[in-house]
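Descriptive analysis of the structure
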Amino acid sequence: MLLDDIKFKLIPNPIAATVINIMTGRETNVCPAGKRSIFYTASGDVYPCQLYYTAKYKKLGNISDENELKININSYKLISRNEINECANCFAKSFCSFWCPGSSYLFSNSEYTVNKVRCLIERSIAERIIYNLALIFENESKKRKFIQNLSRYSQLYSPKNLWGVDS
Ligand code: SF4
C-alpha cells in the first residue's frame, strides 16, 4: 500500500479508480447487480441486469409478485472473483474493475469465466499504472505533486459532486 493517510473518494472513472485502489489497498467492490441494481422488462420480468436478459435462470421474478421478488433478491448470491479460476490468482484481482459476470455470460454462456478482451485491457492498464506509479514514487517532489493532484481530482469527481450521492 502506497498511501494510508488520505481518504480518497471512490470516483467513477475506471482508470483513476484503479490508481486509487492500488495506492490505498482498497478492493474493488463485486458487481452489485441483483442487489443494488435490477433490470426489468416491459412485461415486468426482473433480472439482475440487462446483460442477463437472455439468461432465464437468472430471472428474479416479476413485479406483479412482490413477495417472490423480495425473497429471490434477498437470497441472490453475488459472485466473488475468487470463484473464477482466471481471477483467483491474478495480480489485478483486488483492483480489477473490468470483470463483469453479465458480459461473461453473454460472451461464453457462463458467469464463471472472464471476457478475454476486457481482461487483457484491465491487465495492460494495471501493468502500465503500476509501472508509472513506481517511477513517480521514486521522486519525492513528483510524488507529492501527484498525490496533491489526485486528491483534488478525487474531490472534484466524487459521486457526491457529480450526482449528489455518496458512493
Ligand atoms: S484482470 Fe482478468 S483475470 Fe484478472 S481479475 Fe480482472 S478479469 Fe479476472
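Treat the numbers as computed from the prediction; the structure is a model and nothing was measured. (Residues numbered from 1 in each chain as written. Predicted model: local features only at pLDDT ≥ 70, side-chain atom pairs only at ≥ 80, totals over all residues.)

1. Let's talk about the overall build of the protein
Definition in use: Only DSSP runs of H or I covering at least 4 residues are called helices, and only runs of E covering at least 2 are called strands; the numbering of each starts at the N terminus. Residues are treated as contacting if the C-beta atoms built from their backbones sit within 7 Å of each other.
Within the protein, the secondary structure is distributed over 7 helices and 3 strands. The helix and strand sequence of the protein, counted from the amino end, reads α-β-β-β-α-α-α-α-α-α. A sequence separation of at least 24 residues applies to 48% of the contacts in the protein between residues at least 6 apart.

2. What about the site of the ligand?
What counts here: Using a C-beta atom placed from the backbone, a residue is scored as near a molecule or strand whenever that atom is within 6 Å of it. Each residue is assigned to one class: nonpolar for Ala, Val, Leu, Ile, Met, Phe, Trp, Tyr, Cys and Pro, charged for Asp, Glu, Lys and Arg, and polar for all the others, Gly among them.
In the neighbourhood of the ligand, 13 residues make up the surrounding shell, with Cys87, Cys90, Cys96, Trp99 and Cys119 lying closest. Elements supplying a minimum of two residues to the shell around the ligand: helix H3 (85–88) and helix H5 (116–137). For the shell around the ligand, the leading source of residues is H5, giving 3 residues. Broken down by class, the residue content of the shell around the ligand amounts to 8 nonpolar, no polar and 5 charged.

3. A short note on the sheet that holds strand S2 (residues 45–47)
Heads up, the condition is: By definition, two strands form a pair when at least two bridges between them are found by DSSP.
Spatially, S1-S2-S3 is the arrangement adopted by the 3 strands of the open sheet, whose pairing is antiparallel. Of all strands in the sheet, those bounded by a partner on one side alone are strand S1 (39–40) and strand S3 (61–62). Looking at chain direction, S1 and S2 are connected through 2 bridges and run antiparallel. In the strand pairing of S2, Tyr40 is matched with Val46.

4. So, the nonpolar core
The line we're drawing: Note on definitions: a nonpolar core is a set of buried residues drawn from Ala, Val, Leu, Ile, Met, Phe, Trp, Tyr and Cys, linked by C-beta atoms within 7 Å. Every C-beta atom is placed from the backbone, and the number of other C-beta atoms within 10 Å of a residue's own sets its class: buried at 20 or more, exposed at 12 or fewer, partly exposed in between.
Formed by Ala92, Phe95, Cys96, Phe98, Trp99, Val114 and Ala126, the largest nonpolar core amounts to 7 residues. With near-sequence residues (within four places) excluded, Val114 lies in contact with Ile84, Glu86, Cys87, Trp99, Ser104 and Cys119. Counting residues in each nonpolar core, the second largest holds 5 residues, with Val46, Tyr47, Leu51 and Leu60 among its members.

5. Description of helix H6 (residues 140–156)
Put simply, the rule is: Here, expected helix span is obtained from the residue count minus one, scaled by 1.5 Å.
With 17 residues, H6 should reach 24 Å at 1.5 Å per residue; the first-to-last C-alpha distance of 24 Å fits that figure. Little of H6 sits inside the fold, with 1 of its 17 residues counted as buried.

6. Regarding the environment of Lys56
Within the secondary structure, Lys56 is located in the loop between S2 and S3. For Lys56 and Leu156, which are 100 residues apart along the polypeptide, the C-alpha to C-alpha distance reads 41 Å.

7. Notes on unusual backbone geometry
Although it is not a glycine, Asn109 adopts a positive phi angle of roughly 65°. Checked against the element boundaries, Asn109 lands in the loop between helix H4 (101–108) and H5.

8. Things to note about the environment of Ala16
Mapped onto the elements, Ala16 comes out in helix H1 (residues 14–24). Here the alpha-carbon distance between Ala16 and Leu150, two residues 134 residues apart in the chain, equals 8.3 Å.

9. Details of H1
Taken together, the buried positions of H1 are Ala17, Thr18, Val19, Ile20, Asn21 and Met23. Those residues of H1 hidden inside the fold are in contact with H5 and H6.

10. Observations regarding the packing of H1 against H5
Each pair of packed helices can be summarised by the angle the axes make with each other and by the distance between the axes. Just so we agree on the cut-off: An axis is simply a line fitted to the C-alpha atoms; with a helix, the fit covers only the stretch in contact. Between two such axes, the angle follows the N-to-C directions and lies from 0 to 180 degrees. In what follows, roughly perpendicular refers to angles from 65 to 115 degrees, roughly parallel to angles under 35, roughly antiparallel to angles over 145, and oblique to any angle outside these ranges. Each crossing is labelled by how the near helix is turned from the far one, with a counterclockwise turn of less than a right angle marking it left-handed and a clockwise turn marking it right-handed.
Across the interface, H1 lies against H5 with an axial gap of 10 Å and an inter-helix angle of 55°. Relative to H5, H1 is oriented oblique. The chirality of how H1 crosses H5 is right-handed. On H5, the residues that touch Ile15, Thr18, Val19 and Ile22 of H1 are Ile125, Ala126, Ile129, Ile130 and Leu133.

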